[in-house]
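Descriptive structure summary
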Amino acid sequence: MLAIDFLGAAGTVTGSKYSITYGDRHIMVDCGMFQGDPDLVERNREMWPYPARDYQALLLTHAHIDHSGAIPKFVADGFDGPILCTEPTIELCELLLPDSAKIMRMEGNPLFSDENAQQALALMEGCRYYKQYEVMPGVGVTFFDAGHILGSAWLEVEFDPLPDWPEQRPVRVVFSGDLGRGHSPLLAAPDRPYQADFLILESTYGGHRHSRISAVDQLCEAVARVQRQRSNLVIPAFAVQRSQDLAYLFESMPVGNISLYVDSPMAARAIRVFERYPDYLNKKACQRLNETEQLLRYQHLRVCETSEQSRAILNKKPPRVIISASGMAEGGRVLHHLRHHLPDSRSMILLAGYQCEGTRGWQLQNGDAYLDIDGRSIPVRADVESLDGLSGHADYSEITEWLSELEEPPRATFMVHGDEESLQAQQERFSQWGWHAEVPQHRQRFQLLP
Ligand SMILES: [Zn+2]
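Residues numbered from 1 in each chain as written. Predicted model: local features only at pLDDT ≥ 70, side-chain atom pairs only at ≥ 80, totals over all residues. Heavy atoms only, no water.

Comments concerning the domain arrangement of the protein
One can read the domain layout of the protein as domain 1 (2–208 + 392–449) and domain 2 (215–390). For domain 1 versus domain 2, the separation of C-alpha centres amounts to 29 Å. Facing 26 residues of domain 1, the contacting portion of domain 2 comprises 24 residues. Between domain 1 and domain 2, a total of about 2500 Å² is buried, with carbon and sulfur atoms accounting for 64% of that surface. Here domain 1 is connected to domain 2 by one salt bridge. E91 is paired through a salt bridge with R276; the nearest N and O atoms lie 2.6 Å apart. Run the count over domain 1 and domain 2 and you get eight residue pairs in polar contact (both at pLDDT 80 or more). Sorting elements by how many residues they give to the side of domain 1 that touches domain 2 places helix α4 (residues 87–107) first, with seven residues. (Domains from an automatic or database assignment. Contact = heavy atoms within 4.5 Å. Buried area = accessible area lost by both parts, 1.4 Å probe. Salt bridge = Lys/Arg side-chain N within 4 Å of Asp/Glu carboxyl O. Polar contact = N/O pair within 3.5 Å; in protein donor to acceptor, adjacent residues only side chain to side chain. Helix = DSSP H or I, 4+ residues; strand = E, 2+ residues; numbered from the N terminus.)

Structure representation (structure tokens):
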């Protein structure tokens with residue numbers, strides 16, 4: 001039997017986690033944490049469908065916590081098989097998993113310990129793109145570039161035929177992971193699949209088309225405005241990928257000599273990970289990095305790693321641009337900058353990524369007049385805008401392009417990693433194409449083959 005249990009990102013965006021049963025053995029694909037809504041977060045404590053120690057291997061598409069964050073819990077519960085992922089994914093997990101353990105410890109509700117995070121990291125094995133690796137006897141995996149964050153992959157998992165299958169040929173199951181847009185300043189466009197018997201497809205923007213205004217134009221306009229007004233531009237941005245993308249863009253933008261600060265210890269460490277993996281960048285970025293050995297070369301850039309460096313930013317005169325984590329303003333140094341600049345009507349806030357419902361970033365996006373930070377209600381007088389062009393996720397037209405090389409429609413496509421509206425929109429589109437498209441419910445099981 002070949003079956004899949006949807007343990008996360010089913011009907012929602014976070015918690016990506018798929019349990020595969022092949023014959024009488026099991027593997028896990030992604031093992032992410034549910035985030036945001038307290039009812040969702042509660043799901044992080046659900047039981048595995050089979051004992052964790054019975055899983056042979058775990059395949060990981062990329063380092064984001066909503067795909068990797070429950071791995072230490074899986075390990076704490078007994079999993080001790082190999083975790084296959086790309087090498088940059090391992091290094092980014094080395095930053096993200098211990099940080100996640102620390103945040104949970106501070107919040108007083110830990111799902112796992114620091115030690116579990118270290119045990120999980122020790123199980124990770126680095127894979128290259130385009131090479132098939134054996135997962136267990138009869139099952140192979142190939143990683144392809146997903147263009148979403150450094151080292152991100154979509155997976156082609158190939159299963160040798162079991163005796164009960166009607167057709168005695170290998171079956172390919174494609175897991176899209178998270179797919180980039182193909183416009184990333186630093187990453188290449190996602191590779192496209194040619195064959196997929198079954199497809200598990202992310203649908204973050206299944207019903208949305210990104211604005212075609214270029215991120216560079218929008219960013220230039222924002223910088224010009226704060227330069228004119230001698231004020232501040234604060235960009236809450238994810239420490240991994242988005243902060244580097246933004247700072248990299250400044251190098252080629254006509255922004256004069258405005259001071260740019262990347263204020264995040266995690267972003268600073270991630271820059272060094274990028275610098276170790278030029279081959280995982282797009283051609284242009286790879287070439288520049290190989291020539292200079294430096295990822296970010298904007299002359300007026302300061303990367304603030306220590307808290308002294310961070311505090312010193314406010315002593316400098318505006319205009320200035322501050323890129324700081326976290327991207328949804330749920331924690332991190334960006335809160336300090338928001339507290340300072342939100343009440344100033346000349347300042348500008350540019351939201352640079354997807355904002356989950358219920359987060360401070362989402363409140364700002366929705367035009368809330370006040371924002372609660374550390375128990376204080378901060379008035380929002382600054383101008384708030386969203387920088388759409390840099391999104392890390394493909395929209396529906398880009399997903400359609402990604403699918404355009406498939407020789408035949410998959411036998412079934414399962415839409416995941418989206419809110420209800422996006423999943424519905426994507427399903428309707430596939431139905432019009434005559435595809436068999438399913439929107440799995442949380443913990444729903446599908447038997448793919450007997
Ligand atoms: Zn992601």
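Topic: the coordination of the zinc ion
Here the zinc ion is held by the protein donor atoms H62 (NE2), H64 (ND1), H148 (NE2) and D178 (OD), which lie 2.2 to 2.3 Å from it. With four donor atoms in place around the zinc ion and angles of 91 to 167 degrees between them, the coordination shape is irregular. All donors of the zinc ion belong to a single chain; written as a sequence motif, their spacing is H-x1-H-x83-H-x29-D. Within this pair, whereas H64 is found in the loop between β4 (55–59) and α2 (65–68), its partner D178 is found in the loop between β10 (171–175) and β11 (198–202), the two being separated by 114 residues in sequence. With relative accessibility at 2%, the residue D178 sits in the buried group. (Donors = N, O, S within 2.8 Å, 3.2 Å for Na, K, Ca; no water. Tetrahedral: all angles 85-135°; square planar, octahedral: opposite > 155°, others 65-115°. Buried < 20%, exposed > 50% of the residue type's maximum accessible area, 1.4 Å probe, protein only.)

Some thoughts on the pairing of β11
Of all five residues in β11, five are buried; the element is thus mostly enclosed. In β11, alternate side chains face the same way, and those of F198, I200 and E202 on one face and L199 and L201 on the other are all buried. Both β10 and β11 contribute to a ladder of three bridges, which runs parallel. The partner of V173 across the bridge, within β11, is F198. With five bridges connecting them, β11 and strand β20 (residues 412–416) associate as parallel partners. Counterpart to F198 in the pairing with β20 is A412. (Pairing = 2+ DSSP bridges.)

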